[in-house]
Amino acid sequence: MKSIASIIVALLAFVLTTGCSAKKQFADIASNDDVTSVYISKTMLKMAGSVGGDLSDDINVKALIKDLDSIEILTCENASKVKKIAPAIEQRIAALKADVLMEANEDNENVIIYGTPDPQNENKISNLIIYTRESGELNLVVLSGTIDMAQVSSMISKERLQ
């Protein structure tokens, strides 16, 4: 569980140091007070991929981001706001027809990784969504683009081993 959190923190750190702030898929939710949002476009991802290294020995960032169209991150640490926006986020995820790839629960922390099947290729997904929720806090990371399931499977299996 802590390894999943460290991946999310590493992604956030990478994105915050190389990104720009705008809103896309979850713009209506991101515009709420007490919601922090970051949007990284395909152009910025290409630039980051050409200069950035890997976040760890286990995650090949360059391979992961080369086929991404965008990364969107939402964070909320206001308990009353989390109660209001969580249902909207969950409805949006359901509307994307995303499959649960992995779910982990520990104490009051819930982590769900979703994937939206790519209609053109059954071995790829078009969205990878990491949704974490714990008492009074919510994090959402949406990777949009063409993502190879072998990469996702490799990342998930490494997490289970730790």
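Fair warning: this is a prediction, and the values are worked out from it, not measured in the lab. (Residues numbered from 1 in each chain as written. Predicted model: local features only at pLDDT ≥ 70, side-chain atom pairs only at ≥ 80, totals over all residues. Heavy atoms only, no water.)

Remarks on the confidence of the model for the protein chain
- With 70% of its residues at a pLDDT of 70 or more, the protein chain shows a mean pLDDT of 77.
- Here helix H1 (residues 2-18) stands out as the element of the protein chain with the lowest mean pLDDT, 48, in contrast to strand S3 (residues 99-106), whose mean of 92 is the highest. (pLDDT = per-residue confidence, 0-100. Helix = DSSP H or I, 4+ residues; strand = E, 2+ residues; numbered from the N terminus.)

Some points on the pairing of strand S6 (residues 137-148)
- Counting buried residues in S6 gives nine out of 12 residues, a clear majority hidden from the surface.
- The sheet contact formed by strand S2 (residues 68-76) and S6 spans eight bridges and is antiparallel. Residue pairing for S6: Thr-75 is matched across the bridge by Asn-139.
- Here strand S5 (residues 121-134) folds back onto S6 in antiparallel fashion, the turn holding two residues, of which Gly-136 has a positive phi close to 75°. (Buried < 20%, exposed > 50% of the residue type's maximum accessible area, 1.4 Å probe, protein only. Pairing = 2+ DSSP bridges.)

Considering the sheet that holds S5
- Taken in spatial order, the six strands make up an open sheet running S1-S2-S6-S5-S4-S3, and their pairing is antiparallel. Looking at which strands have only one partner, the edges of the open sheet turn out to be strand S1 (35-41) and S3. For this sheet the average axis-to-axis angle between neighbouring strands, irrespective of direction, equals 10°.
- Sheet topology places S3 next to strand S4 (residues 109-118); seven bridges connect them, and they run antiparallel. When the bridges of S4 are listed, Asn-105 appears paired with Asn-110.
- Packing against the sheet, helix H5 (residues 79-95) makes contact with S1, S2, S4, S5 and S6, and its axis sits at approximately 170° to S5. (Axes fitted to C-alpha atoms, helices over the stretch in contact; angles between N-to-C directions. Contact = heavy atoms within 4.5 Å.)

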